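Tertiary structure, described
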Amino acid sequence: MAFDKAKPMDDEYIAAGPAAIRENLRALKEDQIVDAGTVNGLAVGNASGNIPKANGTLCTNLNAQYLGGNLAGFFSPATHTHSAATTSSNGMMANTDKAKLDGISAGAQVNQNAFAGVLVSGTTIQADAATDTLELVAGSNIALAPDATNDRITIGVTGTVPAATIAASCTGNAATATILQTAHTIGINGDATGTATSFNGSTNITIPVTLATSGVTAGTYSSVTVDAKGRVTAGSNPATISANTTGNAATATTATSATTAISAGNAATATKLATPRTINLTGAIIGTGTFDGTSNLSIATSGGSIYGSGSQLFTSSGIFTIPAGVTKVFITLSGGGGGGSGGTRGAYGGRGGSGEFKFQRQINVSPGNNVSVTVGGAGIGGRGSTTTTPTTAGSSGGVSSFGEYITASGGGGGQPITNGTSFSSPDFFGKNGAVSDYAIGGIGGAGITLISHLLADDAQPGNGGNGATSYNNNGQNGTHATLYGSSGGGGGGTEPGSGGAGGNGGNGMSGFVLVEW
């Protein structure tokens, strides 16, 4: 309850008085219930004669004898000043403090126990600012692993250090070294001996080698013994040497009638080799033959491979993928052969022309590329005619090509009596048709000799058809070609005015494309 000046009341019971007295005393002490306006008749305020009021306003004529427990004389007046301190006299601060401040540079920071510079291989790297950053850059085969949590950097080595001038001992083998730690000797023994030479890998060495002696004194012998390694182990010079007159030298021109001969080696001449030898041609031209010396040898040749890694023959159009690692190929190709003309009354059919032929042309290519390969088709033979009108020509062969790199034209179709245009050189012809009493035969077709090794033994150009065998019979047909790029034969003719028809012309053969690498 609050302070109540009417308590205790005059007419209260005596027992109620102490409690009211105690409450009023508590309120005066704890609740600070004081009516300042009634203290000696003075009012609270900031004017002269007022009880000073702490409200931030200057109180008039307030006489405070003590401030902070000190009289006013203890404090300096408002106009008082202090002289500036120097390193030799006190002022606003002690002269010793002034000396300390003068020794601190402008912008100096609190001592952080940091390095002012970093010394690296004799070069000191200075900080350029108070917060400068030092960057570590990993060199070749060096790995840097920063650890921001523990404020550390781990430096490691990865791979092979390219150029270390000094290295610690290795626990394994080095991949390469310019010198061996321990030099070794290299010696040669057995059938040949050599001086052992110290070798540490720093330079090449040469070992003089001496062939072991066989026990035979150096000299010339007419009879010797040779061991399995080709060494002469014995030698002699007998007075005479028996010669086999029925064997190898049976027809030798220098000893045709001798029963014994003294010889120091091979016969000077002979008409035949004891062992026939095989002669092989390889490379751009291939061929083989057997030679025993009894007669001259002629080797049939054909185109070979001048690159040797592989080849692919196209007899129909397709795609060629350049193999890995191949940068050049050699192309051999031929256009299709033309068809032969049909025969007519009074005229034989002309043969078709052979396709254009190109042999092992080098072409630069890129591995993995695909090249379109076109094989020229065969020309078709013309039909025989029952008239003298020349309307039975054979058709031309198709063009062969290897991409846009190289092409070969097809042979022209044959006309009656006139041969089609032939592109191949050299070429050869099939057989001419036989001439009868009633009509002449057709002319055989052209073929290509340089590619005959690609074909079966019976491959050939077309032959001309035979002429009619009786007055009213038909001329025979020309045959079809079976040699790539060759042409068909012309049809046989009939007697003018007869009732027979000319023979049909033979078909040409398709071209080909051979890729070698």
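It should be noted that the structure appears before, not after, this text.
Attention in this report is confined to the structure presented alongside it.

Analysis parameters
Counting of residues starts from 1 at the beginning of each chain's written sequence and follows it residue by residue. Note on the predicted model: pLDDT of at least 70 is required for a residue's local features to be given, and 80 or more for side-chain atom pairs to be given and counted; whole-chain, interface and lining totals, by contrast, use all residues. Each side-chain value is derived from all of the structure's non-hydrogen atoms; neither hydrogens nor water enter the calculation. Helix numbering and strand numbering both begin at the N terminus, where a helix is a DSSP run of H or I of at least 4 residues and a strand a DSSP run of E of at least 2. The classification of residues rests on relative accessible area computed with a 1.4 Å probe and restricted to protein chains. Under 20% of the type maximum is buried, over 50% is exposed, and intermediate values are partly exposed. Residue contacts are counted whenever heavy atoms from the two residues lie within 4.5 Å of one another. Areas reported here follow the Shrake-Rupley algorithm with a probe of radius 1.4 Å; residue values treat only the protein chains shown as occluding. By salt bridge we mean one thing: a side-chain nitrogen of Lys or Arg within 4 Å of a carboxyl oxygen of Asp or Glu. What is meant by a nonpolar core is a set of buried Ala, Val, Leu, Ile, Met, Phe, Trp, Tyr and Cys residues, joined one to another through side-chain atoms within 4.5 Å. Counting of polar contacts relies on pairs of N or O atoms within 3.5 Å, with two restrictions inside protein: one atom must be capable of donating a hydrogen and the other of accepting it, and residues adjacent in sequence are counted only when both atoms are side-chain atoms. In this analysis, strands are considered paired if DSSP registers two or more bridges between them. Axis angles are defined between N-to-C directions and span 0 to 180 degrees, where every axis is a line fitted to C-alpha atoms and, for a helix, only to the segment in contact.

A short note on the overall build of the protein
What the protein contains, in helices and strands, is two helices and 28 strands. With 517 residues in all, the protein has 25% of them scored as buried. Sequence-distant contacts in the protein: of pairs separated by 6 or more residues, those separated by 24 or more amount to 56%. Of the roughly 33,300 Å² of accessible surface on the protein, a fraction of 52% belongs to carbon and sulfur atoms.

Examining the pattern of salt bridges
Inspection of the entire model under this criterion finds five salt bridges. Note that Asp147 and Arg152 form a salt bridge whose closest N and O atoms lie 3.2 Å from each other. Two residues, Arg231 and Asp227, come together in a salt bridge whose shortest N-O distance is 2.8 Å. Here Arg231 falls in the partly exposed class, since its relative accessible area comes to 28%.

So, unusual backbone geometry
A positive phi angle is found at Ser121, which is not glycine, with a value near 50 degrees. Position of Ser121 relative to the elements: it lies in the loop between strand E5 (117-120) and strand E6 (123-126). With phi around 55 degrees, Asp151 is a residue other than glycine that occupies positive phi space. If you trace the backbone, Asp151 turns up in the loop between strand E7 (142-147) and strand E8 (152-157). By relative accessible area, Asp151 is classed as exposed at 69%.

What about the nonpolar core?
Side chains of a nonpolar character, in soluble globular proteins, are inclined to be buried together. Ranked by internal contacts, the top residues of the largest apolar core, which has 18 residues, are Phe320, Val329, Ile331, Phe402, Val513 and Val515. For this core, the secondary structure elements donating two or more residues are strand E21 (328-334), strand E23 (370-374), strand E25 (406-408) and strand E28 (512-516). Of the residues forming this core, the biggest block, three residues, is contributed by E21. For Val329, the contacting residues outside a window of four places in its chain are Arg361, Gln362, Ile363, Val365, Phe402, Val515, Glu516 and Trp517.

Quick word on the environment of Gly493
Considering the arrangement of structural elements, one finds Gly493 in the loop between strand E27 (446-448) and E28. Using a relative accessible area of 1% as the deciding quantity, one classes Gly493 as buried.

Concerning the environment of Asn61
Summarising the element assignment, Asn61 is placed in the loop between strand E2 (51-52) and strand E3 (66-67). Its relative accessible area of 64% is what places Asn61 among the exposed residues. Sequence spacing of Asn61 and Asn46 is 15 residues, and the spatial spacing of their C-alpha atoms is 9.3 Å. Only 3.2 Å separates the side chain of Asn61 from the side chain of Ser48, close enough to count as a polar contact.

Side note on the sheet that holds E25
Strands sit in the order E20-E23-E24-E25 across an open sheet of four strands; the sheet is antiparallel. Edge positions in the sheet fall to strand E20 (318-321) and E25, since each of these pairs with one other strand and no more. Adjacent strand axes in the sheet meet at a mean angle of 20 degrees, parallel and antiparallel pairs treated alike. Both strand E24 (residues 400-402) and E25 contribute to a ladder of three bridges, which runs antiparallel. Within E25, the position partnered with Ser400 by the bridge is Ala408.

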